[in-house]
Amino acid sequence: MNERRPVAATLAVAGYVIMIVPILFVVATAFTAGRTLRFPPEGLSLRWFGEALAYRPFVGALASSVEIALLATVLALLVGIPATLAIHRGRIPGKALVENLFLSPLIVPELVVGLALFQQFIVGFRIDNWPVLLTGHTALLLPYAVRVTGAALAGADPALEEAARGLGASPMRTFWTITLPVLRPGIFSAALLSFITSFNNVPLSLLLQSRDTQTLPITMLDYVQQSYDPMVAATSTLILAATVVIAVIAERTVGFTKIFGGINR
């Protein structure tokens, strides 16, 4: 084992370098005073952050992305939590098959899911793009709701719930007083992962969005194809800063150990 540790450490450092260095280049480029994406930056300026915050297509797309991510996360949890309880605490036949069905969006390519939704609902039933896009994002997030909350529930002792029912507590009271506190870290982590996944989604959104509803990643992608100024780098830096703030709040309020500790159980 000692001989393998230097190799594993070297690979870990190389992985961090590959992931972090390009991000540092983008952040540095966002503070440039020049008019093009160049590294090293041509002077230092906050100009492009102001440009990004004032650019209406980015602001509108940000609002759409946040709205879709929030609604999809809530819907995925509303479906995923009862499904998790049925899988782990219920007596339904074929539990493994039901769980695999909920986890299938992780296996099926997002482009295939998006194309199927586009053909069936938008082309076939002529439904507006927005509800179909929301449906697609919700389906994409179901595995996180089921898997992460399921991991939290699997680590709980079923005897606590049986004891509460044995003492006369109704199923609803047992859920609110015993099961929900056990699920709370899993629900928090599932919501966090789901929101980030939905917000950053590209393949599904690329197929299902319309002119009236455009997400921020797709709008940024379209902008890069037309312009090469540092506004996209500034927008990416703002998104990175917001993600760091969310991570710090999550660590201070719940803690990463409670949030993600049960996922690999």
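Enquirer: Looking at this model, I keep getting lost on the overall build of the protein. Mind explaining?
Expert: Counting its secondary structure elements, the protein contains 12 helices and zero strands. Expressed as lengths along the three principal axes of its C-alpha atoms, the size of the protein is roughly 70 × 60 × 35 Å. By residue count, 33% of the 265 residues in the protein fall in the buried class. Intrachain contacts of the protein at a sequence separation of at least 6 include 72% that bridge at least 24 residues. As displayed, the protein offers around 15,700 Å² of accessible surface, 67% of which is attributable to carbon and sulfur atoms. Of the side-chain charges in the protein, 18 are positive and 14 negative, and the distance between the mean point of each set is 6 Å.

Enquirer: Any chance you could explain the packing of aromatic side chains here in plain terms?
Expert: The description of an aromatic ring pair uses the distance of the two centres, along with the angle that the planes make with each other. Counting across every chain of the model gives seven aromatic pairs. Aromatic side chains Phe 31 and Phe 49 sit 4.9 Å apart centroid to centroid with 55° between the ring planes, which places their arrangement in the tilted category. With Phe 31 in the loop between α1 (4-30) and α2 (47-54) and Phe 49 in helix α2, this residue pair connects regions lying 18 residues apart in the sequence. By way of ring pairs, the aromatic residues Tyr 55, Phe 58 and Tyr 223 are connected into one cluster. If you follow Arg 47 out to its NZ or CZ, it ends over the ring of Trp 48, 4.2 Å from the centre.

Enquirer: Explain unusual backbone geometry here, please?
Expert: Among all residues save glycine, negative phi is the norm, and among peptide bonds the norm is trans. Backbone geometry places Arg 126, a non-glycine residue, at a positive phi of 55°. As for its position among the elements, Arg 126 is in the loop between α5 (110-124) and α6 (129-154).

Enquirer: I keep staring at the nonpolar core and nothing clicks. Help me out?
Expert: The nonpolar side chains of a soluble globular protein tend to be buried, and buried together. Ala 76, Leu 77, Ile 81, Phe 102, Val 146, Leu 183 and Ile 187 are the most contacted members of the largest nonpolar core, which totals 19 residues. Tallying contributions element by element places α6 first for this core, with seven residues. The contacts of Ile 187, once residues within four sequence positions are left out, are Leu 77, Ile 81, Thr 149 and Leu 180. Counting residues in hydrophobic clusters, the runner-up holds 15 residues, among them Ala 69, Leu 216, Tyr 223 and Met 231.

Enquirer: Would you mind going over the pattern of salt bridges with me for this structure?
Expert: When the charged atoms of two side chains lie near each other, side chains of opposite charge can form a pair. Under the criterion given, the structure shown has two salt bridges. As a salt-bridge pair, Glu 42 and Arg 38 come within 2.7 Å of each other at their nearest N and O atoms. Judged by its relative accessible area of 34%, Glu 42 is partly exposed. The partly exposed category is assigned to Arg 38, whose relative accessible area is 48%.

How each quantity is defined
- Residues numbered from 1 in each chain as written.
- Predicted model: local features only at pLDDT ≥ 70, side-chain atom pairs only at ≥ 80, totals over all residues.
- Heavy atoms only, no water.
- Helix = DSSP H or I, 4+ residues; strand = E, 2+ residues; numbered from the N terminus.
- Buried < 20%, exposed > 50% of the residue type's maximum accessible area, 1.4 Å probe, protein only.
- Contact = heavy atoms within 4.5 Å.
- Areas by Shrake-Rupley, 256 points an atom, 1.4 Å probe, with all protein chains shown as cover.
- Lys, Arg positive; Asp, Glu negative; His and termini not counted.
- Charge placed at Lys NZ, Arg CZ, Asp CG, Glu CD.
- Phe/Tyr/Trp six-rings, centres within 6.5 Å; stacked < 30°, edge-to-face > 60°.
- Lys NZ or Arg CZ within 6 Å of the ring centre and 35° of its normal.
- Core = buried A, V, L, I, M, F, W, Y, C linked by side-chain atoms within 4.5 Å.
- Salt bridge = Lys/Arg side-chain N within 4 Å of Asp/Glu carboxyl O.

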